[in-house]
Structure formats: structure tokens, C-alpha cells
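Given next are the chains, with one letter for each unit.
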Amino acid sequence: MIVAFSISPSSGDETGGVSAAVAEAVRIVRASGLPNETNAMFTNIEGEWDEVMAVVKQAVEAVAAVSPRVSLVLKADIRPGFTGQLTAKVQRIEDALGH
């Protein structure tokens, strides 16, 4: 499965930024060893249900450590029997575009 998720604390720093708290969540995702990527809006992670959800939970807990309230947006592509889809899905689009 691939999960795209976004975690944000309820309030930012003195400039309104949330990057320090979000960086802690991303650090946990990267340390998990699961295939992942982070873009401006979401972090994507690929693996089996239990391992992916455990990482998401740890990331939420990291943000909750610095904020009394946390927002989590999560979208999942559940496709049993398929792996390597984090990059394969994008490659299929590029191939369809002729790139």
C-alpha cells in the first residue's frame, strides 16, 4: 500500500511556520527504512498496512510532543500484491506522456 499523509501542529512558531515540527515527523518516516518521498504538501510511504500505519502513528506522536493538537490528512492506495508502486505509478504516467 501507498499512504500519502500530511501532519501539522495546531499552531506554528513565531512566524507561523510548522517546518520544525514537520521535520521531526519526516525524520521518523525516513528512519523507518520504508520507501518514501516528501513533497511540498505530503509525505508518501509504501509498505504493508501494519508497518506503514505504525510509522504514521510515530510521526503523529512526534508532532504531538510539541503541540497540544495535531491535524492528520491521510489518503491510501491499497493494492495487495503490488510493491514498488511509489515510483512505478509515476513512471506509467511519464510513459503515457511519451517521456
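This text follows the structure it describes.
Note that the coordinates shown come from a computational prediction; the quantities given were computed from them, not determined experimentally.

(A) The overall build of the chain, seen in detail. Scanning the chain from N- to C-terminus turns up three helices and four strands. Reading the chain from its N end, one meets helices and strands in the order β-α-β-β-α-β-α. Counting only C-alpha atoms, the chain reaches 45 × 30 × 20 Å along its principal axes. Scored against the burial criterion, the 99 residues of the chain give a buried share of 26%. Summed over its atoms, the accessible surface of the chain is roughly 6,400 Å², and 56% of this surface lies on carbon and sulfur atoms. Both charge centroids of the chain, one from 8 positive and one from 12 negative side chains, sit 4 Å from each other.

(B) Focus on the side chain of serine 67. Note on placement: serine 67 falls in the loop between helix H2 (49-64) and strand E4 (70-77). Note on serine 67: relative accessible area 6%, which makes it buried. Looking at serine 67, its side chain comes within polar contact range of the main-chain oxygen of arginine 69, at 2.7 Å.

(C) Up close: the nonpolar core. Val3, Phe5, Ile7, Ile45 and Val52 are the most contacted members of the largest nonpolar core, which totals 14 residues. Mapped by element, the contributors of at least two residues to this core are strand E1 (2-9), helix H1 (19-31) and H2. If we skip the residues at most four places from it in the chain, isoleucine 7 touches Val22, Ala25, Val56, Ala59, Val60, Val63, Val70, Ser71 and Leu72.

(D) Just the layout of surface pockets, in detail. In this structure, the largest pocket encloses a volume near 210 Å³. What lines the largest pocket is Ile2, Ala4, Glu37, Asn44, Lys75, Ala76, Asp77, Gln85, Leu86, Lys89 and Val90. Among the secondary structure elements, those contributing two or more residues to the lining of the largest pocket are E1, E4 and helix H3 (85-97). Looking at the lining of the largest pocket element by element, the count peaks at four residues for H3.

(E) Local environment of the packing of H1 against H2. Put simply, H1 and H2 touch, their axes get as near as 8 Å, and they point 155 degrees apart. One way to sum up the angle between H1 and H2 is to call them roughly antiparallel. Classified by chirality, the crossing of H2 by H1 is right-handed. Contact with H1, carried on its side by Ala21, Glu24, Ala25, Ile28 and Val29, involves Val55, Gln58, Ala59, Ala62 and Val63 of H2 and no other residues of that element. Classifying every residue of the contact of H1 with H2 gives eight nonpolar, one polar and one charged.

What counts as what
- Residues numbered from 1 in each chain as written.
- Predicted model: local features only at pLDDT ≥ 70, side-chain atom pairs only at ≥ 80, totals over all residues.
- Heavy atoms only, no water.
- Helix = DSSP H or I, 4+ residues; strand = E, 2+ residues; numbered from the N terminus.
- Buried < 20%, exposed > 50% of the residue type's maximum accessible area, 1.4 Å probe, protein only.
- Areas by Shrake-Rupley, 256 points an atom, 1.4 Å probe, with all protein chains shown as cover.
- Lys, Arg positive; Asp, Glu negative; His and termini not counted.
- Charge placed at Lys NZ, Arg CZ, Asp CG, Glu CD.
- Polar contact = N/O pair within 3.5 Å; in protein donor to acceptor, adjacent residues only side chain to side chain.
- Core = buried A, V, L, I, M, F, W, Y, C linked by side-chain atoms within 4.5 Å.
- Contact = heavy atoms within 4.5 Å.
- 1 Å grid on protein atoms, 1.4 Å probe; cavity = no way out; pocket = protein on both sides within 12 Å on 5 of 7 lines; lining within 4 Å.
- Points joined across faces, edges and corners; volume = space filled by probe spheres on them.
- Axes fitted to C-alpha atoms, helices over the stretch in contact; angles between N-to-C directions.
- Parallel < 35°, antiparallel > 145°, perpendicular 65-115°, else oblique.
- Left-handed = near helix turned anticlockwise from the far one by under 90°.
- Nonpolar A, V, L, I, M, F, W, Y, C, P; charged D, E, K, R; others polar.

That is the geometry; function is a separate question.
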